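# Architecture and fold: a report
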Amino acid sequence: DFQAGLDEANEERLLEKSSLEYRFTHDRVREASHNIIPVDIRAQFHFDLGILLFSTTRGQELGEDAFAIADLINRGMQSPSSKLPAPNEDIADFFVLVATKALERADHVAGLSYLKLTRLFLPQDHWLNHYYLSIRLYCLLANAAYSCGRLDDANDAIQNVLKEGQSIEDKLDVYYVLVTLLMSSKRAEDAYSVCHEVLSQLDENIPASCDAQELAALLRKTNNVLNTMSDSELLGMKNMDSSDRLYSVLRFYSIMVVVAFFSKPQMMPFLTSRIVQISIAHGVCKHSVRGFVQYAAVLCSCKAMKDIPGACRIGRMAMAFAKQFNLSDPHIYYGYFGFVACHTEPLQACADMIRQGFIIGMQVGDISTAFFNAIQHIRTALIGGENLASLLKETDYYLKLTDLYAHTLPKQYLKIFRETISVLIDKGESTSSGEVMENPTTTNIANISEAAAFHKSIQSFWLGHAERCHHYTEKMLPLKNETGWLKGVIVLFYHGLNSFKLLKKSNTNRNRKISKNAITVLEAAAEHSKWNYQNKVQLLEAELLSFEGRKQQAQNSYTAAIEASRASKFIHEQGLACELAAFHYETCGNACKACDFFNQAKSCYNQWGSKMKVEFIDRQLARFQISSKSDS
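What counts and what doesn't
- Residues numbered from 1 in each chain as written.
- Predicted model: local features only at pLDDT ≥ 70, side-chain atom pairs only at ≥ 80, totals over all residues.
- Heavy atoms only, no water.
- Helix = DSSP H or I, 4+ residues; strand = E, 2+ residues; numbered from the N terminus.
- Buried < 20%, exposed > 50% of the residue type's maximum accessible area, 1.4 Å probe, protein only.
- Contact = heavy atoms within 4.5 Å.
- Areas by Shrake-Rupley, 256 points an atom, 1.4 Å probe, with all protein chains shown as cover.
- Expected span 1.5 Å × (residues − 1).
- Phe/Tyr/Trp six-rings, centres within 6.5 Å; stacked < 30°, edge-to-face > 60°.
- Lys NZ or Arg CZ within 6 Å of the ring centre and 35° of its normal.
- Salt bridge = Lys/Arg side-chain N within 4 Å of Asp/Glu carboxyl O.
- Core = buried A, V, L, I, M, F, W, Y, C linked by side-chain atoms within 4.5 Å.
- Axes fitted to C-alpha atoms, helices over the stretch in contact; angles between N-to-C directions.
- Left-handed = near helix turned anticlockwise from the far one by under 90°.
- Nonpolar A, V, L, I, M, F, W, Y, C, P; charged D, E, K, R; others polar.
- Parallel < 35°, antiparallel > 145°, perpendicular 65-115°, else oblique.

The next subject is the overall build of the chain. The helix and strand tally for the chain stands at 31 helices and two strands. Every one of the 632 residues in the chain was classed for burial, and the buried ones make up 54%. For the chain, contacts bridging at least 24 residues in sequence account for 67% of all contacts bridging at least 6. Total accessible area on the chain stands at roughly 28300 Å², and carbon and sulfur atoms take up 50% of it.

Here it is, written out as structure tokens:
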């Protein structure tokens, strides 16, 4: 009798009994007790002990002890000699409960292990006689397997539910996982179709397309409603119950917006407006929070509206809702700090918060959104002037994770970013991955083609290839979708600076317009954030004044650009402003000032981590040394 043995060990003070628990009086006693169990029956011993503890504690609140019991049974099942257990619905239900607890604490590996074990305790006819337990099991299994990067296991679980599920409500969880799985495999159009199918079954009517006038009218109508509500009225909207059918509608609209970014960006105004309308009319939930952030992002970028203050207000309301719901959602970090806050908040701070979104995504098992945050983090940090060596290290870390979790779409973006960082460090001489990249411009995903052209433009600018920079910028601008505002502003900044090199070769009206257009766009951006964009305006103005021969005004603008870059911590742009100022002073015949600014540029590029630019500046300084020797 097992219980009698425990009582006897307690009397001999080998075990201590506390309530329902038995503990060894010392770790050595536990180790010795374990070692006297014959090896060939240890697995069966663990299994029997686990089953006994499960039986004697059934119906009680076990807390952490539930994991100990489950681990004993699990350990007993791992032996090659273990026999399949007899079907037992109570034990299966217990393992689903323990797995749920493990997943809630973000222990997806343990959760997946428990869920796989659960299937062994179900009879073959479990879909017929234990339907609701089977639905819970396979929905959890799909989520856990996806979070662990076991995409084949996730897909198997999904297909089981889609085949056996009796209603759309029972299938919603696996449909959601299916959408994220398709996105991770670069099948954005298929993911969009799944969202459309699900929402249609939930009685939502989504048009195949909308023309620009219809979308502008829809945004204006939605915006007018929001503008009539005060901040307190917005924050005071009633909460939607999670059992409400519209809760599921909002859930799929919010993921459909993300999918649309990659497959049908023209539909984002419709989708986000619908989320806002439902939330205002029927109440808010955590999916509303995503929707409000996404709506704010669309409002920032839509040419028909371009309401930055209004968009930022909605974005801030969404972040307040997130606190109200105690919500740690990686979608919110990605959407708000990646597409809304970049208009008004320091880019360096935005990059830090987006990285936090990546961490949260990994913790909660939302791997797909975690990688979207990773993409946006590297992009924003690169634009913000983060040290290149640190950025390369973080990019390589993200790339390793994309391999681990078999996510091909974010990997393609990160490889593009890595190439740029490597070029900026040392032209890829020692930092290149050595991997031959597929041509990103051949993809059917427009955003990747846009990203590839954007990065080729940046690389060409810093390498000093003016014609190539112009080519890739002209190639990118028609591809730029409305949510790619930050990339568009930055590429126009480089395009404007690059145009002065083109003007020296071909002083055409078209080339003259490039810099003036860039100044206009950057001035509009600087109205909302001097920190992010004022230094860029001043540097463009300095180059224009220098080109026009207004020397003193140019020198004042170079000084202002250098100081603004330093104050805003854009070390790379501070170096660039010093470099261009040096060339200006050289043209003016002031070699002493030119050398001084070249040395300042070199110091900045050293801090940025660009060996390539440091070597370029050294070559410029060497020219002055040679010239000085020739003069003497």
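Next comes the rest of the description.
So, on to helix H4 (residues 65-77). In this model, H4 (13 residues) spans 19 Å end to end at C-alpha, consistent with the 18 Å of a helix rising 1.5 Å per residue. Ala66, Phe67, Ile69, Ala70, Leu72, Ile73, Asn74, Gly76 and Met77 are the residues of H4 that are buried.

With that settled, the discussion passes to the side chain of Thr369. Inspection of the secondary structure assignment puts Thr369 in helix H20 (residues 367-383). The residues contacting Thr369, other than those within four sequence positions of it, are Pro330 and His331.

Glancing now at the packing of aromatic side chains. A complete count under the given rule lists 36 aromatic pairs for this structure. Centroid distance Tyr333 to Phe337: 6.1 Å. Interplanar angle 35 degrees. Geometry classified as tilted. Here Tyr333 and its partner Phe337 are both found in helix H18 (residues 330-339), four residues apart, which amounts to about one turn of the helix. Its relative accessible area of 16% is what places Tyr333 among the buried residues. With centroids separated by 5.9 Å and ring planes inclined at 45 degrees, the aromatic side chains of Tyr397 and Tyr398 adopt a geometry described as tilted. In this structure an aromatic cluster arises from ring pairing among Phe261, Phe262, Tyr334, Phe339, Phe372, Tyr413 and Phe417. Its end group placed over the ring of Tyr176, Arg251 keeps NZ or CZ at 4.4 Å from the ring centre. The side chain of Lys536 reaches across the aromatic face of Phe570, ending 4.0 Å from its centre.

Moving on: the pattern of salt bridges. Scanning the model with the defined rule gives 23 salt bridges in all. Arg313 serves as the salt-bridge partner of Asp231, at 2.8 Å between the closest nitrogen and oxygen. Here the residue Asp231 occupies a position in helix H13 (residues 231-235), and Arg313 occupies one in helix H17 (residues 308-324), the gap between them amounting to 82 residues. Three or more residues are tied together by salt bridges with common partners; here these are Lys116, Arg150 and Asp153.

What follows covers the nonpolar core. Ranked by size, the top nonpolar core spans 214 residues in total, and within it Leu271 and Trp462 carry the most contacts. Per element, the largest residue contribution to this core is 14 residues, and it comes from helix H14 (residues 245-263). Leaving out residues up to four positions away in the same chain, Leu271 has contacts with Tyr192, Ile206, Tyr253, Met256, Val257 and Ala260.

Angle between the axes and distance between the axes are the two parameters that describe a pair of packed helices. Between helix H25 (residues 485-505) and helix H26 (residues 509-526), whose axes approach to 8 Å, the crossing angle comes to 145 degrees. As H25 runs across H26, the sense of the crossing is left-handed. Residue-level contacts link Trp485, Val489, Leu492, Phe493, His495, Gly496, Ser499, Phe500, Leu502 and Leu503 of H25 to Asn511, Arg512, Ile514, Ser515, Asn517, Ala518, Val521, Leu522 and Ala525 of H26. Per-class residue counts for the contact of H25 with H26 are 12 nonpolar, six polar and one charged.

Time to look at the environment of Ile359. Considering the arrangement of structural elements, one finds Ile359 in helix H19 (residues 347-364). Separated by 12 residues in sequence, Ile359 and Phe371 have C-alpha atoms that sit 9.7 Å apart.

A positive phi angle is found at Ala406, which is not glycine, with a value near 55 degrees. Position of Ala406 among the secondary structure elements: in the loop between helix H21 (388-404) and helix H22 (408-426). Of note, the phi angle at Lys569 is positive, near 65 degrees, even though the residue is not glycine.

The next thing to look at is the side chain of Ser248. Relative to the helices and strands, Ser248 resides in helix H14. Under the relative-accessibility criterion, Ser248 is labelled buried at 15%. Beyond its immediate stretch of four places on either side in the chain, Ser248 contacts Leu172 and Leu202.

Of note, Ile275 is situated in helix H15 (residues 268-282). Exposure remark for Ile275: the relative accessible area of 0% places this residue in the buried category. When the C-alpha positions of Ile275 and Gly291 are compared, they lie 5.6 Å apart, and in sequence the two are 16 residues distant. The contacts of Ile275, once residues within four sequence positions are left out, are Leu250, Tyr253, Ser254, Val257, His287, Ser288, Gly291 and Gln294.

Two elements in contact, H18 and H20, have axes separated by 9 Å at closest approach and are oriented at 20 degrees. Judged on the interaxial angle alone, H20 and H18 are roughly parallel. Our pair here, H18 against H20, has a crossing hand that is left-handed. Contacts between H18 and H20 pair Pro330, His331, Tyr333, Tyr334, Gly338 and Phe339 from the former with Thr369, Phe372, Asn373 and Gln376 from the latter. Along the lines of polarity and charge, the residues of the contact of H18 with H20 split into five nonpolar, five polar and no charged.

It is worth spelling out the environment of Met77 at this point. Mapped onto the elements of the fold, Met77 is located in helix H4. Placed 31 residues apart in sequence, Met77 and His46 show a C-alpha to C-alpha distance of 8.7 Å.

With 17 residues, helix H29 (residues 571-587) extends 25 Å from end C-alpha to end C-alpha; this agrees with the ideal 24 Å at 1.5 Å per step. Counting buried residues along H29, 14 of its 17 residues qualify, which places the element largely inside the surrounding structure.

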